[in-house]
Amino acid sequence: MTEYGRGQGSEPWHPEDPLFGDQGWGAQQAASGQASHDGHQQQEQYQQQYYPQQSQDPYGQQPYPEAQPQPHYAEQQGYVEQPQQGYPQQQYAQQYAAPPQQPQHYDGGWDATGRQAAMPYAGQQPDPYLNGYADESHDPYGTAEAYPPPQPPGQRQAPTVPEVPEQGHEWNAEPQEENHPFFTGVDDSERDDDEPRESRRGAATGGRDRRSKTKKKGKSGRACLVLAVIFAVGAGGIGYVGYDFYQKKFGAAPDYVGEGAGESVTIEVPTGAGGSEIGQLLKQAGVVKSIDAFVQAQNDDPKGKTIQAGAYTLRKGMSAASAIKLMLNPASRNSLIIPEGKRNAWVYGEIDKRLGVSSGTTKEVALKNADSMGLPDWAKNHKNVKDPLEGFLYPASYPVAKGMKPEDVLKKMVNRATSEYGKQDLAAEAKKLHLEGPWQLITVASLVQAEGKTPDDFRRMSEVVYNRLKPDNTQTNQKLQFDSAYNYLTNQSNIKIGLSEINSNPDPYNTYKWRGLTPGPIGNPGSEAMAAALDPTSEGWMYFVATDGKHKTEFAKTLAEFNKLKDEFNAQSGQ
């Protein structure tokens, strides 16, 4: 098989033939006619594909028999310089082009007219890819996507190279300048104003004017500086957040050092306050530096969680451990503890002392502003009451220190009493005990608290009160005859009261003269006395006598038993 030939043949190729190998309609007809005649011979030639004397194809291709030329395949193989795309004939030809061929008597050149000499071949074979239609015309160059047909050597032209627009006379190895506003620092409007339209049009075609190196380096440096600042700020923020997280989770809590050198301040610790709440109060007053430091110091101290409610005098700038130590010292507490049964007169005096105000100041405030202290409605507007707040300065511990106002201290006490009394339905309980309301129930509790000596005495003392108030009481005629009530009106605690003195005093609080209860409480009862007033005994007690005058109280059911106990008391007191 030759370089440009299609196979054996005597006629040269014709330039007007678009296939440059087709021998005309005569040859096509001859080839078509020969196909049927030589079909058997061709089939035999295809079966002889391997010959021992032929060399092996390094690409593993099977050699083709030399006796059978492939017209169309040779045609495609011959033009190696101009590859054909999209034609299956080319791939088939290249696959079978490797096997060696028998020498052909063919010059392989071009004649003087510029035509290629035709290589003789036995006959043109039909294209196997035309599905057996040998007479059908098939032009591989007839599509728009096909390469142009090969030209004779004398008519060939150099391939056209697309022109590349010139960008300048000199080669510039530097990269093109970035003109984005982020890197140049110039807004789009400024670029449009500063750069002429002609220059912009030239830049679009590759011929724009470049800026000077100094200006270009300045803008690039500015962009780098902006990026560096952004990264620095971001890294700093991340570092700060990480350090703050580490300090909160793993670092030591901020704390002052020493026992404090600042001014003294008074801190009021409410009832039931925990470590965090106390630490918050101390931090707000400037005593400790952080809440966590105080909580940690409280946990480290074995007695740290025994801090009681009250007012404490501390110093600013103290370490948490020093604050804990001072608060555990009773001397630092500015708390007023009201014992059960104490009268309001005693409470007023103690408040004046602790606040550093003149005597009588707190009592004046109490009597003047009683209705605004937080009393319940059932505790207001009672006749002949000496002190509206009596019975409502509930026995407990209260913070009282210099700088506080008397009305604030009193409001805390009244609020505490109202809260304690509100835990039960006093109206319903008073009705069960044949009392007019909660006010009288508090009055009974104050009498029990004043006359009783021990908790065991409270319930029997409560029964004595209710038995004497009964309408069918003919022994005392509904008179209580309590010395504690008379001592209240005289603001004293005298156990030796003469009959003439008692019978001559017309005060409503004199239970020797008047029937029933006193106009109001005569003291501030505690929880035990209140419980006894709600649940008296039912053993028939009518009388009682403090035989030793202080700690021992004995009870009697009849007048004869009472007189006997009275004689024992007179004997001990020397009367």
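Residues numbered from 1 in each chain as written. Predicted model: local features only at pLDDT ≥ 70, side-chain atom pairs only at ≥ 80, totals over all residues. Heavy atoms only, no water.

1. Considering the overall build of the protein chain
Spelled out, the test is: Numbering of helices and strands runs from the N terminus; a helix is a DSSP stretch of H or I covering at least four residues, while a strand is a stretch of E covering at least two. The cut-offs for exposure are 20% and 50% of the maximum accessible area for each residue type, with area from a 1.4 Å probe on protein chains only; residues under the lower value are buried, those over the upper are exposed, and the others partly exposed. Throughout, a residue-residue contact means that at least one pair of heavy atoms, one from each residue, lies within 4.5 Å.
The helix and strand inventory of the protein chain stands at 21 helices and six strands. The burial tally for the protein chain puts 38% of its 575 residues in the buried class. When contacts within the protein chain are restricted to residue pairs at least 6 apart in sequence, those whose partners lie at least 24 apart make up 66%.

2. Observations regarding the packing of aromatic side chains
Threshold: Working definition: rings of Phe, Tyr and Trp (its six-membered ring) pair if their centres are within 6.5 Å, and the pair is stacked with planes under 30 degrees apart, edge-to-face with planes over 60 apart, and tilted otherwise. Only when the NZ atom of a Lys or the CZ atom of an Arg is both within 6 Å of the ring centre and within 35 degrees of the ring normal do we say a charge sits over the ring.
With the rule as written, the count across this model stands at nine aromatic pairs. On the basis of an interplanar angle of 50° and a centroid distance of 6.1 Å, the ring pair of Trp541 and Phe555 is categorised as tilted. Placement of the pair is Trp541 in the loop between α20 (527–534) and β5 (543–545) and Phe555 in strand β6 (residues 554–556), with a sequence separation of 14 residues. Judged by relative accessible area, which is 14%, Trp541 ranks as buried. Among the residues examined, Phe555 registers a relative accessible area of 11% and is labelled buried. Aromatic side chains Phe544 and Phe555 sit 6.2 Å apart centroid to centroid with 45° between the ring planes, which places their arrangement in the tilted category. On the criterion of sequence distance, the pair formed by Phe544 in strand β5 and Phe555 in strand β6 is long-range, its members being 11 residues apart. The ring of Trp514 is capped by Lys513, whose NZ or CZ atom sits 5.9 Å from the centre of that ring.

3. Side note on the nonpolar core
Nonpolar side chains tend toward joint burial in soluble globular proteins. Which entries qualify depends on this criterion: We call a set of buried Ala, Val, Leu, Ile, Met, Phe, Trp, Tyr and Cys residues a nonpolar core when their side-chain atoms join them within 4.5 Å.
Judged by nonpolar contacts, the single largest core of 60 residues is most densely connected at Met413 and Leu441. Among the elements that make up this core, the one with the highest residue count is helix α16 (residues 438–451) (seven residues). Contacts of Met413, omitting those with residues within four sequence positions, involve Leu336, Ile338, Val347, Ile351, Phe392, Leu393, Tyr394 and Tyr398. Core analysis: the next-biggest nonpolar cluster, separate from the first, contains 19 residues, Val288, Phe294, Leu314 and Met318 among them.

4. Comments concerning the packing of helix α12 (residues 344–355) against helix α13 (residues 361–368)
As a reminder, the rule being used: Axes, fitted as lines to C-alpha atoms, cover a helix only where it is in contact. Angles between the N-to-C directions of the axes lie from 0 to 180 degrees. Under this scheme an angle from 65 to 115 degrees is roughly perpendicular, one under 35 degrees roughly parallel, and one over 145 degrees roughly antiparallel; angles in between are oblique. Polar here means any residue other than Ala, Val, Leu, Ile, Met, Phe, Trp, Tyr, Cys and Pro, which are nonpolar, and Asp, Glu, Lys and Arg, which are charged; Gly is therefore polar.
At a minimum axis distance of 7 Å, the contact between α12 and α13 shows a crossing angle of 125°. Considered as vectors, α12 and α13 are oriented oblique to each other. Counted together, Tyr348, Ile351 and Asp352 of α12 and Thr361, Thr362, Lys363 and Ala366 of α13 form the full contact between these two elements. Its residues assigned to classes, the contact of α12 with α13 comprises three nonpolar, two polar and two charged.

5. A few points about the confidence of the model for the protein chain
The cut-off we apply is this: Every residue gets a pLDDT, meaning the predictor's confidence in that residue, from 0 to 100.
Of the residues in the protein chain, 59% have a pLDDT of 70 or more, and the chain-wide mean is 74. Contacts for the low-pLDDT stretch residues 1–5, under 50 throughout, to residues beyond four places or in other chains number 20 contacts.

6. Quick look at the pattern of salt bridges
Convention followed: When a carboxyl oxygen of Asp or Glu lies within 4 Å of a side-chain nitrogen of Lys or Arg, that pair is called a salt bridge.
Inspection of every chain in the model, using the stated rule, returns 10 salt bridges. A salt bridge links Glu554 to Lys552, with the nearest nitrogen and oxygen atoms 3.8 Å apart. Each of Arg416, Glu420 and Lys423 takes part in one network of salt bridges that share partners.

7. Overview of helix α14 (residues 406–421)
Using the following cut-off: Take the number of residues in a helix, subtract one, and multiply by 1.5 Å to get its expected span. By definition, the arc is the one covered by directions from the helix axis to the C-beta atoms.
Between its first and last C-alpha atoms α14 spans 23 Å; for 16 residues at 1.5 Å apiece the expected length is 22 Å, and the two agree. When we look at burial in α14, the residues that qualify are Pro406, Val409, Leu410, Met413, Val414, Ala417 and Tyr421. An end-on view of α14 places all buried positions within 130° of arc, on one side of the element.

8. Observations concerning the side chain of Asn505
Tracing the sequence through the fold places Asn505 in the loop between α19 (499–504) and α20. By relative accessible area, which is 18% here, Asn505 ends up buried. For Asn505, the contacting residues outside a window of four places in its chain are Tyr486, Leu489, Asn510 and Lys513.

9. Some details on unusual backbone geometry
Even without a glycine there, the phi angle at His434 is positive, about 65°. One can find His434 in the loop between α15 (426–432) and α16. The backbone phi angle of Asn491 is positive, close to 55°, even though this residue is not glycine. Take Asn491: it is sitting in the loop between α18 (483–490) and α19.

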